[in-house]
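# A closer look at the structure
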Amino acid sequence: MRKTSLFLLFILLSIFVRAQKLQVSELTCNYKSNPVGIDALQPQLSWKLEAAERNTMQTAYELRVAVSKTDLQNGRQLEWQSGKVNSGQSAHLPYKGAALKSKTRYYWQVRVWDNHKNTSEWSDVNYWETGLLTPNDWTAKWIQTSTDTEGKVGPAPMFGRSFDLLGPVKNARLYITAHGLYEAKLNGQKVGDHYFTPGWTSYHKRLQYQTYDVTAMLRPGKNAALVTIGDGWYRGNLEFNHKRNLYGKEVGLLFQLEIEYANGRKETISSDENWKASFNGPVKASDIYNGETYDARLEKNTAVQEFTTAGWQKVKTVDFKLDNLVAPIGPAVSKHERFAPAKVFKTPKGELVADFGQNLVGWVQLKLKGKAGDTVTLNHAEVLDKDGNFYTENLRNARQENKYILSGAKTDVLEPHFTFQGFRYIKISGYNGKLDSTNLNAIAIYSDMAPSGKFATSNPLLNQLQSNIQWGQKGNFVDVPTDCPQRDERLGWTGDAQVFFKTAAYNMDVAAFFSKWLSDLNVDQHANGNVPVVIPDVRAIKNAGSAGWGDVATIIPWDFYQAYGDKALLARQYNSMKAWVEYIRSISKNNLWNSGPHYGDWLFYTMADDRDGKAAITDKFFIAQAFYAHSTQNLINAAKVLGNNADVQTYTELLKAIKQAFLNEYVTPSGRLVSSSQTAYVLALNFDLLPENLRAQAAQRLADNVAAYGNHLTTGFLGTPYLCHVLSRFGYNDVAYKLLLQETYPSWLYPVKKGATTIWERWDGIKPDGSFQAVSMNSFNHYAYGAIGDWMYRTVTGITELEPGYKKISIAPKPGGNLKNASAELQTIYGKVKSSWTIEGGRTKLTVIIPANTTAKIVLPNTANLKITESGTAIDKIKAITDVKNVAGNTELTAGSGTYQFEY
Ligand code: RAM
């Protein structure tokens, strides 16, 4: 008896230990943790493995889904039960259970098995909740003010209604959207902590609504809803030609509050003719570019009330179609870092200025008490001029001005609602009291993307460059990837976005963000396959189709697939990819794309500076042909992954013809290119346009060109991202490092030396003599040139995906540039990857982390005759390391998951 119970205990214990050895964590659904209000009919489920043992691979999984948590845990009434599936897949598992219903929370769990015979426990219970899956789920009506504003600038209307609740509320959801930007309050409290809702999409085709769990905001008895609507992208100034009302003249609200009482009764409060509207709210005017005027004295009009007092007018209901309503795919925009003023000072001109030490995007929050009616004005600028004065000319026609009228009654907490500013400095007028961190703070506002990457080295200038790249990303990822966040532009330029995508994916989890933006690309792509230069498309049709801009349609989906391994996304974008290639084919002649408007190698090192006459100009049709090939290659790659075999064949033949046409038109028999610029050689080599036998000489010409410019780059938007990659790939890693570490203009570190805290639009936004580039185009927060970040992660620390989504990883650091150490981390969909090296006294220490359920190929450079150890033991004695071989002076090996400390 005693023996058996001991035996049982032993069995139980060993099961427990095995389970502990393997756990499932960080469950996500469509890239989000426990999302509420999604409308995907087949959401994709992902999880990470946490394993105590090295070399752990998932061998099987089991998923289950139920609408009740208890049923789920008891394995009863399941909506879906995958059963044990022998598979290593732990990312993007599509839901395959019973059809999903609207407004339903689905709970789910997973457990896994591994190659060491461990079984995990069932994971924690996670959930996703569906929103309104069909237009019929909407009972609310669109409402507008009864007075037409005819699209004129004016106060942001408020929409309000009070309602009685009969008892305690068990569950309540608010489904809401607007024409314009909404801020919703229930009983005086802001709903959610998001800004710029409903976000910016191609509104007439895709308008997002948000879902909020507002259970805790309601109470039995009297309640009040109040929604203020700002002009935003919908009808404020947009695009630099001073256009207002691009999507419509009147703002409007769609509001559906669904309540379930504790006793099970249901009730819905919807926008309809029973609502009231008023123009007497505190937001007197708001505009994305120009800023906001806010009168705190009028806050009293927002106090919870019956909405019957003077000034509240009837609303009108409008019959807008509802089939453009979609749930958000991307992240919400919210508040992030806060900055206290580094300095508050008077400029030589005598203006009162605060410096926040960082060029950022968001706004300044003031806490002030003053006389009722006093006006405090804040202006925003990115830089001071060379005399130290406040400089706003590069903002063109964006006023970036917030005006606050104080209430006098209390300490006002002042911040704008429907605008954002790009700035490092503010000028304060109308207030002379003390300003410090207690009453003056800058708040960074951007899309909620989890930081995924870290990169640091022994070189402080390089670390500042990395910080500048990251801040460029934060500031320009406010719902849409924009070119710049400050002047009267702030548009989703397609070229900029494709150039920066890979770097962006290293720094932050941008999967959901780009998944959303690509949906807008799909709907805004022209019927003939042509692609606009900005998405959402607000520019004239004639601008569409520029090489390197339109190619976003194939580049981002393919790069996205590499970064996140999401086949469904690739499948979703496939028609768009193909349509773009077909568009080029339709306008090309003899396989040459040599027509249409092109931006070319935008903002390359300019002729005026090119005194030696070594042209940095690249023929625009040469560039177009290179991208035609690149897009076709991306399409072939996608077709292969998706098993579209007929397309693989068709486009492989087309690609051959495109490359041949390129050779005939732009390359001499000895391999000289018609444009002798860096960008020309970079594109030809990066896109494999030259036959093998002409590549080495082309790379040599490129390296010579760099040397001829005294180790300076001359590339613009299109050549820059690939420049160092091509040099490293063809044996000129040392030249790539020289470019990276170059401190004089034109280079990446020149702006850093000039005090930049973000990436500049132009290599010489501030010239060596301290004067500025042309005011017409001189943004100090433009991420495109930050595309070097991709090379830094991939080459300096050597983290690359060998299989999509980092299922197989390459760790191949290439130290150089006299760096003593470099370290990078990356959160992949499988978990954290790390590569961190230090070189001291000729010895290298390299730490590598490989997440569970992945394997890595590790390349230790120049180690031919060296003894290599891992945590003190010779590497050939380590179980998790296999296939050790010497290739061209490097040691290559395969490693399973785990942490490794190499030394040689
Ligand atoms: C500028 C934008 C953007 C660029 C286009 C061609 O106005 O700032 O960066 O893509 O022009």
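Residues numbered from 1 in each chain as written. Predicted model: local features only at pLDDT ≥ 70, side-chain atom pairs only at ≥ 80, totals over all residues. Heavy atoms only, no water.

As named in an unreviewed UniProt entry, the protein chain is alpha-L-rhamnosidase, taken from Pedobacter africanus. If you open the UniProt record of the protein chain and go to Catalytic activity (unreviewed entry), you find "Hydrolysis of terminal non-reducing alpha-L-rhamnose residues in alpha-L-rhamnosides." (UniProt positions renumbered as here; feature names shortened; annotations may be inferred.)

Let's shift gears to the overall build of the protein chain. Across its full length, the protein chain holds 16 helices and 47 strands. What you see for the protein chain is a C-alpha radius of gyration of 29 Å, in line with the 29 Å of a compact globule of 904 residues. Principal-axis analysis of the C-alpha atoms places the extent of the protein chain at approximately 95 × 85 × 60 Å. Put simply, the protein chain has 904 residues, and 60% of those count as buried. (Helix = DSSP H or I, 4+ residues; strand = E, 2+ residues; numbered from the N terminus. Rg over C-alpha atoms; globule rule 2.2 N^0.38 Å. Buried < 20%, exposed > 50% of the residue type's maximum accessible area, 1.4 Å probe, protein only.)

So, on to the packing of aromatic side chains. Using the criterion set out here, one finds 56 aromatic pairs in the structure. Note that Arg105 overlies the ring of Tyr127, its terminal NZ or CZ placed 3.8 Å from the centroid. (Phe/Tyr/Trp six-rings, centres within 6.5 Å; stacked < 30°, edge-to-face > 60°. Lys NZ or Arg CZ within 6 Å of the ring centre and 35° of its normal.)

If you look at the biggest cluster of nonpolar residues, it comprises 216 residues, and the most contacted ones within it are Phe196, Phe356, Leu465, Val510, Phe514, Trp748 and Phe902. The dominant element in this core, judged by the number of residues it contributes, is helix α9 (residues 620-642), at eleven residues. Each of domain 2 (135-326) and domain 3 (799-903) contributes no fewer than three residues to this core. Not counting residues up to four positions away in its chain, the partners in contact with Val510 are Met449, Gln473, Phe477, Phe501, Ala504, Ala505 and Tyr564. With 30 residues, the next largest nonpolar core counts Tyr182, Val214, Ile229 and Phe255 among its residues. (Core = buried A, V, L, I, M, F, W, Y, C linked by side-chain atoms within 4.5 Å. Domains from an automatic or database assignment. Contact = heavy atoms within 4.5 Å.)

Attention shifts here to the pattern of salt bridges. Considering all chains together, one arrives at 48 salt bridges under this definition. In this structure, the salt-bridge partner of Asp479 is Lys516, at a minimum N-O distance of 3.0 Å. Of this pair, Asp479 sits in the loop between β35 (477-478) and β36 (480-481) while Lys516 is found in helix α6 (residues 511-524), placing the two residues 37 residues apart along the sequence. By relative accessible area, which is 6% here, Asp479 ends up buried. A relative accessible area of 2% means that Lys516 is categorised as buried. (Salt bridge = Lys/Arg side-chain N within 4 Å of Asp/Glu carboxyl O.)

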